[in-house]
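Inside the fold
Here are the chains, one letter per residue:
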Amino acid sequence: TAPQDTQAPTAPGSLRSTGVTASSVSLAFNASSDNVGVTGYEIFVNGGTSAAATSTTTSATVTGLAANTSYTFTAKARDAAGNRSSASNSVAVTTGNPAPAGSKVLVGYWHNFDNGSTHIRLRDVSSKFNVIQVAFAEPVAGAPSGTMGFTPYNATVAEFKADIATLKAQGRKVLISLGGANGTIHLDDAAAKQAFVTSMQGLINTYGFDGLDLDLEGASLALNGGDTDFRNPTTPRIQNLIAGTRQLLNDNPGLLLTMAPETAYVQGGYAAYGGPWGAYLPVIHALRDRLTYLHVQHYNTGTVMALDGRAYAQGTPDFHVAMAEMLLQGFPVGGNASAVFPALRPEQVVIGLPSSPQAAGGGYTTTANVQKALDYLMKGQSFGGTYVLRQAGGYPGFKGLMTWSINWDAFTNFEFSNSHRAYLDTYR
């Protein structure tokens, strides 16, 4: 018979906190080693003897914690024979406060063109929207690659500047969104990156925008062959976008940064990483320290695989909950357990939705179903769907909703903004 394994793994190293909400703490640690093999890790709270969380990777999230409370965590490794390591270093973490009432945002895109929806002067955008994304700045035809331009629709520069100033005086934020479905942006070399930075700084200075939104779609972003690590991208187009955006943020410390990728470019990276699949992940990861909101477009997409291994269809509460929790929990990229995209903070995550059936080719979700999804996401109040939250109590700090678009919302008599603004304001 084989000799019995009695050797315990080494203790996990460098236990540290990677994220905090009002009811959860996310932790990471360095891997343990073992003479046969480590099979998992256990997290202990306040010196307890029962594991509060288990994991097969070098990260874990402890849920069900009380708000504004200090906890002490340790980690231990175990092997197949049941041997348990000594404890890691301890780390003390204080959970956050629940989000106060009125803290949820409603983000809307305002059309700088006429596509058959209602045209609204910028200053007249509904007061229900906290953040207005002016869509879009686009590459200038005939100019050096990377040069971005913007010309107000049905307004002079002076009138548009005055409209932005009016909204800002009301305490609202006005950002310039880059790209869109038709504005393909390629920053393939240092010259294009510098043209991008210079032209965008000019637009920010001219109009007084509060920030910029990266809404790159279609061929704007794709991973080159051999670019396999989202933490260290090698595709020049992605490297230059990160560097150019970082330069703008460094030169303008108060500048807000938002992103509006399609699901294939973010959650799609769970099942596969390459080409367009997951192509936004290196951008999000590199700029997460300055990222204000990530509002992935939950529309114009097919089914997408979630953390439970099931594929969910757009336009359903299950889809919205499952896609959001991928960002709130993190996920292995391309199925690689050693390449986990770390969770974003709940206050960085917003769901993107069409404001009306006319606004998108697919993904419109009724008001009742959107709010079912939000009740589950923010309070853990299940609607009886297929997807089960990994953090059973939900994420009170989840930030809100984005919509394409303000104009289509007006076309349907403000059904989206009126109903969802009233709903969001009920949350603490």
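Look a little higher up for the structure.
So, here is what we can say about the structure in this document. (Residues numbered from 1 in each chain as written. Predicted model: local features only at pLDDT ≥ 70, side-chain atom pairs only at ≥ 80, totals over all residues. Heavy atoms only, no water.)

**Section: the nonpolar core**
Convention followed: Joining through side-chain atoms within 4.5 Å is the link that ties buried Ala, Val, Leu, Ile, Met, Phe, Trp, Tyr and Cys residues into a set, and such a set is a nonpolar core. Classification of residues uses two cut-offs on accessible area relative to the type maximum, computed with a 1.4 Å probe and protein chains only: under 20% is buried, over 50% is exposed, and between them is partly exposed. Counting from the N terminus, the helices are the DSSP runs of H or I reaching at least four residues and the strands are the DSSP runs of E reaching at least two. Note on definitions: a residue-residue contact is assigned when non-hydrogen atoms from the two residues lie within 4.5 Å.
Counting 91 residues, the largest nonpolar core has Leu-178, Met-259 and Phe-398 as its most contacted members. Element by element, the count of residues in this core is highest for helix H5 (residues 317–329), at eight residues. Setting aside residues no more than four positions away along its own chain, Phe-398 makes contact with Lys-104, Ala-324, Leu-328, Pro-346, Val-349, Val-350, Ile-351, Leu-374, Leu-377 and Met-378.

**What to know about the packing of H5 against helix H6 (residues 367–379)**
Note the following rule: In this analysis, axes come from line fits to C-alpha atoms, helices being fitted only over the stretch in contact, and the angle between any two N-to-C directions falls in the range 0 to 180 degrees. Note on convention: near helix rotated counterclockwise from far helix by under a right angle means a left-handed crossing. Clockwise means right-handed. For this classification, Asp, Glu, Lys and Arg are treated as charged, while Ala, Val, Leu, Ile, Met, Phe, Trp, Tyr, Cys and Pro are nonpolar and the rest, including Gly, are polar.
Running from N to C, H5 and H6 point in directions that differ by 35°, and their axes come no closer than 8 Å. Two packed elements cross with a definite hand, and for H5 against H6 that hand is right-handed. Mapping the contact onto sequence places Pro-317, His-320, Val-321, Ala-324 and Leu-328 in H5 and Asn-369, Ala-373, Tyr-376 and Leu-377 in H6. Looking at the contact of H5 with H6 residue by residue, the class counts come to seven nonpolar, two polar and no charged.

**Observations concerning the environment of Leu-328**
Here Leu-328 shows up in helix H5. For the pair Leu-328 and Gln-348, spaced 20 residues apart in sequence, the C-alpha to C-alpha distance is 9.2 Å. Dropping the residues within four chain positions of it, Leu-328 is found in contact with Ala-343, Leu-344, Pro-346, Val-349, Leu-377, Tyr-395 and Phe-398.

**Let's talk about the pairing of strand E11 (residues 173–180)**
To be explicit about the condition: Two strands qualify as a pair provided that DSSP identifies no fewer than 2 bridges between them. The crossover handedness rule: strands pointing away from the viewer, path from first strand over the helix to second strand clockwise, crossover right-handed.
In terms of burial, E11 is a largely internal element, seven of the eight residues being buried. The sheet contact formed by E11 and strand E12 (residues 211–216) spans six bridges and is parallel. Residue pairing across strands places Gly-179 opposite Asp-215, the latter belonging to E12. As for the winding sense of the linkage, the β-α-β connection from E11 through helix H2 (residues 190–207) to E12 is right-handed.

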